[in-house]
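Chain and residue survey
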Amino acid sequence: MPREQGRKLIAQNKKARHDYSILDTYEVGLVLTGTEVKSLRAGRASLVDGFATVDGGEVWLQHVHIPEYTQGTWTNHAPRRKRKVLMHREEIDKLIGKTREGGLTLVPLDLYFKDGKVKATLALARGKKSYDKRQDLAERDSRREIQRAFGRYVKGRR
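Residues numbered from 1 in each chain as written. Predicted model: local features only at pLDDT ≥ 70, side-chain atom pairs only at ≥ 80, totals over all residues. Heavy atoms only, no water.

If you look the protein chain up in an unreviewed UniProt entry, it shows as SsrA-binding protein from Geodermatophilus telluris. UniProt, in the comment section headed Subcellular location (unreviewed entry), describes the protein chain in these words: "Cytoplasm". Comment text from UniProt for the protein chain, heading Sequence similarities (unreviewed entry), reads "Belongs to the SmpB family." (UniProt positions renumbered as here; feature names shortened; annotations may be inferred.)

The structure is reproduced here in structure tokens:
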């Protein structure tokens with residue numbers, strides 16, 4: 001059987017980019033069971049309530065929902081269990097210092113296959129206030145309107 005190549009997206013947390021300002025991102029591996037990987041290959045996962053914590057020098061991904069594998073037997077996994085995150089020691093030590101700062105958290109942005117292995121993108125993020133969210137929406141809308149106006153101008157429709 002040929003080895004898998006490239007990157008295949010499984011799940012994305014679009015709400016995280018709206019609710020948090022992203023300061024830094026990390027590509028990490030996950031320790032998973034066989035039925036979890038099979039369920040992910042079927043494209044079933046949810047990162048909506050997910051977050052990561054640093055406990056005892058290890059990073060753990062929590063509240064990420066990977067549904068039970070439909071053909072699984074008694075060996076099936078719990079859908080919302082804690083999953084260990086694989087990172088380099090230096091990165092973990094940096095995260096320990098930064099998450100102890102006030103207001104910073106680790107949020108999963110996406111889950112994907114990279115060369116046959118399940119990877120995740122964790123973001124070091126700070127929560128946005130509601131006025132920050134409104135300001136971002138206003139900026140995005142104004143940028144979109146500028147692009148539309150420029151497109152009309154280039155096409156000669158003014």
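Counting its secondary structure elements, the protein chain contains four helices and seven strands. Counting from the amino terminus, the protein chain carries its helices and strands in the arrangement β-α-β-α-β-β-β-α-β-β-α. Here the protein chain has a C-alpha radius of gyration of 19 Å; the compact-globule value for 158 residues is 15 Å, and the former is much larger. By its C-alpha atoms, the protein chain is 65 × 45 × 25 Å across when sized along the principal axes. Evaluated residue by residue, the protein chain yields a buried proportion of 32% over its 158 residues. Sequence separation of 24 or more characterises 68% of the internal contacts of the protein chain that already satisfy a separation of 6 or more. Surface exposure of the protein chain reaches about 10200 Å², of which carbon and sulfur atoms provide 50%. In the protein chain, which carries 34 positive and 20 negative side-chain charges, the distance between the mean positions of the two groups comes to 6 Å. (Helix = DSSP H or I, 4+ residues; strand = E, 2+ residues; numbered from the N terminus. Rg over C-alpha atoms; globule rule 2.2 N^0.38 Å. Buried < 20%, exposed > 50% of the residue type's maximum accessible area, 1.4 Å probe, protein only. Contact = heavy atoms within 4.5 Å. Areas by Shrake-Rupley, 256 points an atom, 1.4 Å probe, with all protein chains shown as cover. Lys, Arg positive; Asp, Glu negative; His and termini not counted. Charge placed at Lys NZ, Arg CZ, Asp CG, Glu CD.)

Right, let's talk about the side chain of Asn13 for a bit. Inspection of the secondary structure puts Asn13 in the loop between strand 1 (7–12) and helix 1 (14–19). From its side chain, Asn13 meets the backbone oxygen of Pro108 in a polar contact 3.2 Å long. In this structure, Asn13 is in contact with Leu47, Val48, Val107, Pro108 and Leu109, ignoring residues within four places of it in sequence. (Polar contact = N/O pair within 3.5 Å; in protein donor to acceptor, adjacent residues only side chain to side chain.)

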